[in-house]
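One letter stands for each residue in the lines below.
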Number of protein chains: 2
Amino acid sequence: MDLLSFNILEYKERLEKTKQRMVAEGIDVLLVTDPANMSYLTGYNAWSFYVHQLVVVIIDKDQPYWIGRGQDASAAKHTSWLDDAHIIPYQDDYVQSTIKHPMDFVCDFLKEKKQDKRTIGVEMDAYYFTGRNYVQLTGGLPDAAFKDGTNLVNWVRIIKSDQEIEYIKRAAKIAEKAMGAAVDTINEGVRQCDVVAAISHAQISGTEDFGGDYPSIVPLLPTGEKTSACHLTWTDDVFKDGDPVIIELAGCYKRYHSPMARTVVVGKPTDQLQYIAAVVIEGLNAALDAIKPGMTCEEVEQVWRKSIEKSGIKKESRVGYSIGLNYPPDWGEHTASLRPSDYTILKPNMTFHLIPGIWLDHVGIEISESFRVTENGCEVLADFPRELLIQPNIRLA
Amino acid sequence: MDLLSFNILEYKERLEKTKQRMVAEGIDVLLVTDPANMSYLTGYNAWSFYVHQLVVVIIDKDQPYWIGRGQDASAAKHTSWLDDAHIIPYQDDYVQSTIKHPMDFVCDFLKEKKQDKRTIGVEMDAYYFTGRNYVQLTGGLPDAAFKDGTNLVNWVRIIKSDQEIEYIKRAAKIAEKAMGAAVDTINEGVRQCDVVAAISHAQISGTEDFGGDYPSIVPLLPTGEKTSACHLTWTDDVFKDGDPVIIELAGCYKRYHSPMARTVVVGKPTDQLQYIAAVVIEGLNAALDAIKPGMTCEEVEQVWRKSIEKSGIKKESRVGYSIGLNYPPDWGEHTASLRPSDYTILKPNMTFHLIPGIWLDHVGIEISESFRVTENGCEVLADFPRELLIQPNIRLA
């Protein structure tokens, strides 16, 4: 456990909160397959989520169990607070086999530990919890009752500890550096891939004081007409005069994220682009000014919606979501979203990415901020000009 | 479809081969959720797999349907060969909702298209096909029969076209550059994160002639005693004299991968390390010399096993796997593995990552090669010294 990111007491507190929710849901045994939840509860941190693995929380046991591939047990020893008796490797012939499945091993384990007649929670809609996992578990444990434990641990994660906030603030510093690298590099005739290489270098090298971790999403870089398609990655095409470029990225420190989006124009922006940017920034400012503990997520969205109403621009999708610890493919926590019908009440040390992107048929704009809810308002995490950015700057003169 | 990676005829051929397998399996409608399979069949390419999306292949229809989030429909138009009528967006309130699920939308769509009384194949054990997906589909389509279509498209992917091989060769060129950046940067007192920043920069900027894409796995960099844990990522610790460092990375071009691993020692290697490295290289060479069409995967592993037998070193895990087009979290294709009981017969234009890593309790070594099966042997894809690398080189003198 030489790579542990938090004090053991913090992990134990997380475990306790998880068990309280398990009691409320009537779950005796929780099978945690979401890599972020696994890491949150145990510290486990390795790129091994491409094979089946999980953490087993048993309501009346002090330590969870990690179950994973044999060659990853050593990573569990280095990165988690679990003792060796709670690190349970399965043999390599379970990997991507058509004959045996890792969940069969999990069934045998639960039987051996006499947990097979209890109520078992599974993260039904979590990444990496496959349909096959569900069928093998329910088939292999006929005496167990199954309940949906999707997002149970995610909801524990929504309020951050002070140390988690410190990690997210470090991530925000890295995000500033990465966005700076992007803006400094974009120019007519430069290849998109060379800009993203500069971003990625900044994301990973971090600052002089601390290094960066890999963000859960690669830099997104829709360019030109393709700014209408927000989740496109880069190509090796070169930027042309007049291209708008959306840059969505995050800084990441010890798996904690602070995302940020900006839009850069190569050369002179069109009137339309300037108009949309002004609307987006006004909405962003209005929401950030209003946010305080006690508001609901829905109310935040309403402030934003009211602000842009007069512009005639319409937007169907949510304007933000809870962020923090995560693994690919997402830095969002899948709990609170800033959108109608989300009645989550904002509390201090919740953290969100507020991203009211506007995507029309042939052009799109993203200007976003990540924020922390404070005792009486909110704090924007990164410090970067909140404007439509023009490159090279000289053209503004 | 301005970003299409292959000629439409190649996509149609892939679709035809997929349908042949569907007929053989008695599947009328295949729901393809694996992002690599989605891309393989339609060209679709965006970082949107963090929400539910799929491609629907109907046995008696000319074009598949793409179903995904509204804001990603524009990416489908830019990157796939499908016409607009086959791009079906769902509303944003399906995203991470506790009230409605994207698979409910899929059920409605299949009913509307009168496909709800047929035999439906689902990729039961594919990434991103969750237990919830399975339950919503089977519950919502009570008149359909369900069959497991896991890896059905993956098996079509296993033999590459000449254009795919060209992409993989470009990926290998990028892998050479990235590994070169790693070896040039590692040194006593240098931070791990700064080495990975250099690797990532090289991976993404690619070569002067073509840019790089994001590999499906970030660079892995277990260092010192932690070389026993093959899937650890980096920290911001500095390298110390005597540290062994495992570097596993891939070059990626238009989503096609060519992985490579090397082990570098900072300063002077121990006798043990030199011994294990020699064993690994001898086994690697023996396997590469033997590989030719007609052999089974099991036989390749046997050649390697026989070669290292006398060393006394034991290894339980597989020594390689099929590679190609992929998305996070894995660049492996989940079809053929080089291991006992895998009777897949090698054929020309299959591509593999041969990675006979050895991980002992306190030290590990990885030296690997990716290869293409040729008409009468195999071709190693990247050209990089196949040895235990010493840094700085001067110390060897």
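Residues numbered from 1 in each chain as written. Chains lettered and ligands numbered in written order. Predicted model: local features only at pLDDT ≥ 70, side-chain atom pairs only at ≥ 80, totals over all residues. Heavy atoms only, no water.

Chain A carries the name M24 family metallopeptidase in an unreviewed UniProt entry, which gives Siminovitchia fortis as its organism.

### Examining the packing of helix α4 (residues 102-112) of chain A against helix α5 (residues 131-140) of chain A
Residues and elements named next belong to chain A. Filter applied, for reference: Axis angles are defined between N-to-C directions and span 0 to 180 degrees, where every axis is a line fitted to C-alpha atoms and, for a helix, only to the segment in contact. By definition, any uninterrupted DSSP run of H or I lasting at least four residues is a helix, any uninterrupted run of E lasting at least two residues is a strand, and each is numbered from the N terminus. Throughout, a crossing is termed right-handed when the near helix is turned clockwise from the far one, and left-handed when it is turned anticlockwise from it by less than a right angle. Here, residues are in contact when the closest pair of their heavy atoms is within 4.5 Å. All residues other than Ala, Val, Leu, Ile, Met, Phe, Trp, Tyr, Cys, Pro, Asp, Glu, Lys and Arg, Gly among them, are scored as polar; the first ten of these are nonpolar and the last four charged.
Contact geometry for α4 and α5: axes closest at 9 Å, N-to-C directions at 35 degrees. For the crossing formed where α4 meets α5, the hand is right-handed. Two secondary-structure elements touch here, α4 through M103, D104, V106, C107 and K111 and α5 through N133, Q136, L137 and G140. Broken down by class, the residue content of the contact of α4 with α5 amounts to four nonpolar, three polar and two charged.

### A look at the interface of chain A and chain B
As a reminder, the rule being used: Summed over both partners, the accessible surface that disappears when two parts come together, traced with a 1.4 Å probe, is what is meant by buried area. Salt-bridge detection follows one rule: a side-chain nitrogen of Lys or Arg within 4 Å of a carboxyl oxygen of Asp or Glu. Distance and chemistry together define a polar contact, namely a pair of N or O atoms within 3.5 Å, with one atom able to donate a hydrogen and the other to accept it when in protein, and with adjacent residues in sequence counting only for side-chain atoms on both sides.
Facing 77 residues of chain A, the contacting portion of chain B comprises 77 residues. In total, about 6,300 Å² of surface goes out of reach between chain A and chain B, with carbon and sulfur atoms giving 56% of it. Interface area lost by chain A to chain B is led by W47, Y50 and H231 of chain A, which between them contribute 12%. Between the two partners, chain A and chain B, sit two salt bridges. In this structure, D148 of chain A engages R132 of chain B in a salt bridge whose closest nitrogen and oxygen atoms are separated by 2.7 Å. Viewed at the interface, chain B and chain A are joined by 49 residue pairs in polar contact (both at pLDDT 80 or more). Those elements that place two or more of their residues in the side of chain A that touches chain B are α3 (73-79), α5 and α8 (192-205) of chain A.

### With respect to the relation of the copies chain A and chain B
Put simply, the rule reads: To superpose the copies, least squares is applied to the C-alpha atoms of every residue with a pLDDT of at least 70 in both.
When chain A is brought onto chain B, the operation consists of a screw motion whose angular component is 180 degrees and whose axial shift is 0.0 Å, with 0.0 Å RMSD remaining. Given the turn and translation reported, the copies of this chain are related as if by a two-fold rotation axis. With an isologous cut-off of 70% or more, the 100% of interface residues of chain A that recur at the interface of chain B puts this contact in the isologous class.

### Re the packing of aromatic side chains
The following threshold applies: In this scheme Phe, Tyr and Trp rings, the latter by its six-membered ring, pair at centre separations within 6.5 Å, and the angle between planes marks the pair as stacked below 30 degrees, edge-to-face above 60, and tilted otherwise. Think of it in three bands: with a 1.4 Å probe and only protein chains considered, a residue is buried below 20% of the maximum accessible area for its type, exposed above 50%, and partly exposed in between. A ring is scored as having a charge over it whenever the NZ atom of a lysine or the CZ atom of an arginine sits within 6 Å of its centre and within 35 degrees of its normal.
According to the stated counting rule, one finds 39 aromatic pairs over all chains in the structure shown. Considering the side-chain rings of Y167 of chain B and Y253 of chain B, the 5.1 Å spacing of their centres and the 75 degrees angle between planes classify their relative orientation as edge-to-face. Highlighted residues: Y167 of chain B in helix α7 (residues 162-185) and Y253 of chain B in strand β7 (residues 244-253), separated in sequence by 86 residues. Accessibility assignment for this pair places Y167 of chain B and Y253 of chain B in one class, buried. Between F210 of chain B and Y253 of chain B, the aromatic rings sit 5.4 Å apart at their centres with planes inclined by 75 degrees, giving edge-to-face as the arrangement. Separated by 43 residues along the polypeptide, F210 of chain B in the loop between α8 (192-205) and β7 and Y253 of chain B in strand β7 bring together distant segments of the chain. Take F210 of chain B: its relative accessible area is 9%, and that puts it in the buried class. Sitting over the face of the ring of Y214 of chain A, R255 of chain A holds its NZ or CZ atom 3.7 Å from the ring centroid. One cation-aromatic arrangement involves R14 of chain B over Y11 of chain B; the distance from NZ or CZ to the ring centre is 5.1 Å.

### Here we look at the UniProt feature "domain: Peptidase M24" (unreviewed entry) in chain A
Put simply, the rule is: UniProt positions are given in the numbering used here, feature names are shortened, and annotations may be inferred rather than shown by experiment.
The feature "domain: Peptidase M24" (unreviewed entry), as given by UniProt, occupies residues 166-375 of chain A in the numbering adopted here. Along residues 166-375 of chain A, the helical share is 32% and the strand share 21%, with 16 Å between the first and last C-alpha atoms.

### Quick notes on empty space enclosed by the protein
The rolling of a water-molecule-sized probe over the atoms marks out the regions of remaining empty space. As a reminder of what qualifies: Both cavities and pockets are sets of points on a 1 Å grid over the protein atoms alone; in a cavity a 1.4 Å probe fits but cannot get out, in a pocket the set is open with protein on both sides within 12 Å along at least five of seven lines, and lining residues sit with an atom within 4 Å of a point. Grid points are joined across faces, edges and corners, and a volume is the space filled by probe spheres set on the points.
Under the counting rule described, the total for this entry stands at nine cavities of 30 Å³ or more. Computed from the structure, the largest cavity encloses a volume of approximately 280 Å³. What lines the largest cavity is a set of 23 residues, among which S200, Y214 and V218 of chain A together with Y214 and V218 of chain B lie closest to the centre. A per-class count over the lining of the largest cavity returns 18 nonpolar, five polar and no charged. Of the volumes computed, that of the second largest cavity is approximately 210 Å³.

### Observations concerning the UniProt feature "domain: Creatinase N-terminal" (unreviewed entry) in chain A
This chain's UniProt record puts "domain: Creatinase N-terminal" (unreviewed entry) on residues 14-159 of chain A. From the first C-alpha to the last, residues 14-159 of chain A spans 11 Å; its make-up is 37% helix and 18% strand.

### Comments concerning the domain arrangement of chain A
Often, the extent of an interface is quoted as the loss of accessible area upon association of its parts. Residues and elements named next belong to chain A. Which entries qualify depends on this criterion: The domain boundaries here were taken from an automatic or database domain assignment.
Looking at the assigned domains, one finds that chain A contains domain 1 (8-157) and domain 2 (162-391). If you average the C-alpha positions of domain 1 and of domain 2, the two centres end up 33 Å apart. A buried area of about 1,400 Å², summed over both sides, lies between domain 1 and domain 2, and 54% of it is on carbon and sulfur atoms. The three residues of domain 1 that bury the most area against domain 2 are Y127, W155 and R157, which together make up 35% of that side's buried surface. Linking domain 1 to domain 2 there are two salt bridges. At the boundary of domain 1 and domain 2, one finds seven residue pairs in polar contact (both at pLDDT 80 or more). If you list the elements that add at least two residues to the side of domain 1 that touches domain 2, you get α1 (8-25), α2 (35-42) and α6 (152-157). In terms of residue count, the dominant contributor to the side of domain 1 that touches domain 2 is α2 (four residues).

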